[in-house]
Amino acid sequence: MSERIVILSHYNPDGDAIGSSVAWYGYLQDLGKNPQMVLPNDFPQNLKWIKDSETAVIAGQNMSKAEDLILNADLMICNDFQSFSRVDKLEEIAKKSKALKVLVDHHLEPEMEQFDLIFSNVESSSTAELVYELITRLTPENPVKTAIAEAIYVGIMTDTGSFSYSCNHQRTFEVVAKLIETGIDPWRIHQDIYNTFSEDRMRLLGHCLSNRMTVLPDFLTAYIYLTKEDLRNFRYIPGDTEGIVNYALSIKGIKFAAFFTERENRIRISFRSKGEIDCNEFSKTFFNGGGHRNAAGGNSFDTMQETIQKFETLLPEFKQKNNF
Ligand code: 5GP
Ligand code: MN
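Chemist: Looking at this model, I keep getting lost on the site of ligand 1. Mind explaining?
Modeler: Around ligand 1 lies a shell of 14 residues, among which Gln82, Arg86, His107, Arg268 and Ser270 are the nearest. At 2.8 Å from an oxygen atom of ligand 1 is found a side-chain nitrogen or oxygen belonging to Arg86. At 3.3 Å from an oxygen atom of ligand 1 is found a main-chain nitrogen or oxygen belonging to Gly297. If ligand 1 stood free it would expose 500 Å²; the protein chains cover 84% of that surface. The set of elements that each furnish at least two residues to the shell around ligand 1 consists of β10 (267-273), β11 (290-291) and β12 (295-300). Counting residues per element, the shell around ligand 1 draws most heavily on β12, which supplies four residues.

Chemist: How do you make sense of the side chain of Thr261 when you look at a structure like this?
Modeler: Mapping Thr261 onto the fold places it in strand β9 (residues 256-262). What Thr261 contacts, discounting residues up to four positions off in sequence, is Leu226, Leu231, Arg266, Ile267, Arg268 and Met304.

Chemist: How do you make sense of unusual backbone geometry when you look at a structure like this?
Modeler: Residues other than glycine predominantly adopt negative phi, and peptide bonds predominantly adopt the trans conformation. Located in the positive-phi region is Asp52, a residue other than glycine, with phi close to 80 degrees. By the secondary structure assignment, Asp52 is in the loop between β2 (36-39) and β3 (57-58).

Chemist: Hey, could you run me through the coordination of the manganese ion (ligand 2) in this one?
Modeler: Angles at a metal have ideal values that depend on geometry: 109.5 degrees with four tetrahedral donors, 90 or 180 degrees with six octahedral donors. Protein coordination of the manganese ion (ligand 2) is provided by Asp16 (OD), Asp80 (OD), His106 (NE2) and Asp159 (OD), with donor distances spanning 2.2 to 2.4 Å. Mapped onto the sequence, the donors of the manganese ion (ligand 2) take the spacing D-x63-D-x25-H-x52-D. Taken together, the positions of Asp16 in helix α1 (residues 15-30) and His106 in the loop between β5 (100-105) and β6 (117-120) put the pair 90 residues apart, joining distant regions of the chain. His106 gets classed as buried once you look at its relative accessible area, which sits at 3%.

Chemist: Help me out: how do you make sense of the pairing of strand β7 (residues 213-216) in this one?
Modeler: Consecutive residues of a regular strand have side chains that alternate between opposite faces of the sheet. By the bridge criterion, four bridges tie β7 to strand β8 (residues 221-226) in an arrangement that is antiparallel. The partner of Thr214 across the bridge, within β8, is Tyr223. Linking β7 back to β8 in an antiparallel pair, the connection comprises four residues, with Leu220 at a positive phi of about 50 degrees.

Chemist: What is the right way to look at the nonpolar core in this model?
Modeler: Generally speaking, a soluble globular protein has its nonpolar side chains buried in company with each other. Counting 41 residues, the largest nonpolar core has Trp24, Val104, Ile152 and Leu179 as its most contacted members. It is helix α5 (residues 146-159) that provides the largest number of residues to this core, a total of eight residues. Each residue touching Leu179, except ones within four places of it in the same chain, is listed here: Tyr132, Ala149, Ile152, Tyr153, Ile156 and Ile184.

Chemist: When you look at the environment of Lys255 in this model, what are you seeing that I'm missing?
Modeler: Structurally, the position occupied by Lys255 is in the loop between α10 (244-249) and β9. Classification of Lys255 by relative accessible area gives partly exposed; the value is 34%. Once the C-alpha coordinates of Lys255 and Lys274 are considered, the two residues, 19 residues apart in sequence, prove to be 5.2 Å apart. Once you skip the residues sitting within four places of it in the chain, Lys255 turns out to touch Leu220, Leu249, Arg272, Ser273, Lys274, Ile277 and Phe324.

The rules we used
Residues numbered from 1 in each chain as written. Chains lettered and ligands numbered in written order. Predicted model: local features only at pLDDT ≥ 70, side-chain atom pairs only at ≥ 80, totals over all residues. Heavy atoms only, no water. Near = heavy atom within 4 Å. Polar contact = N/O pair within 3.5 Å; in protein donor to acceptor, adjacent residues only side chain to side chain. Areas by Shrake-Rupley, 256 points an atom, 1.4 Å probe, with all protein chains shown as cover. Helix = DSSP H or I, 4+ residues; strand = E, 2+ residues; numbered from the N terminus. Contact = heavy atoms within 4.5 Å. Donors = N, O, S within 2.8 Å, 3.2 Å for Na, K, Ca; no water. Buried < 20%, exposed > 50% of the residue type's maximum accessible area, 1.4 Å probe, protein only. Pairing = 2+ DSSP bridges. Core = buried A, V, L, I, M, F, W, Y, C linked by side-chain atoms within 4.5 Å.

Structural measurements only, silent on function.
So, in structure tokens, the structure goes:
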């Protein structure tokens, strides 16, 4: 029986990372356990209302506590990432931990040797959906509580862009129907997650679209970039750039989009694509990253100008290879 359970998720936690972690947390508490969520860094404001999310130990704010929990855990649930490289500064500690490491995830190419037990389904809309499948099989006699259903709903909703992608299976909607049966309010959840932007964030979006977007019709590609100065000018807080890449992809005829943000010591990149175009492969091969076929993240350690130049140079071959 595990008594020191850690629920770990990835750097820059998103709605699925938080939703799936909180769902495990509530579920295990109800089984009489005392689990602890650990996150590499803080998560966006619009997710802070989620019940129990405030109990997460954030390594960026309390490294020694996060390390201590991970090193002394006997069970570690690794949620919504496929490799310990995604937990940033906790990578070495997590690898070193003697805990039984259980992966619950939907990203491509899980690092099989890093985990003891793997629940990975790349066809799943989200990790949160997988958590639903697991907890309802582990204890079929227990109804899913409303607060847990709410967290799972957040994970599915945010990872599918409000049910617009990665949700071609009817199962996702069956799970959502079950969640609604528990009494959650999807409308309110949507309001709390999406309609709480600050004025600064909306103006940052305007700046991106008016002044920082390049459309390359020959390559059916559009990209947006933001410098450190842009972020300062619009009083950036974590979460403010979430989803902006999708605007580039929503232009008619555009099939491949990228979003470059200048961070402390690197350029952080988001890639998005339509159909068969493989962002995961592109990011893994050229930009130290990965993810899913239609949504991947990456990093560049060159300057913004060099990074964008490299990106543009790679487009002709990428377009040819992916037939778009
Ligand atoms: P985003 O662009 O929203 O940061 O990330 C898109 C998707 O790619 C997410 O599912 C995320 O988990 C994954 N991802 C983001 N960054 C990385 C990375 O550096 N490596 C890998 N393997 N996946 C990433
Ligand atoms: Mn996810």
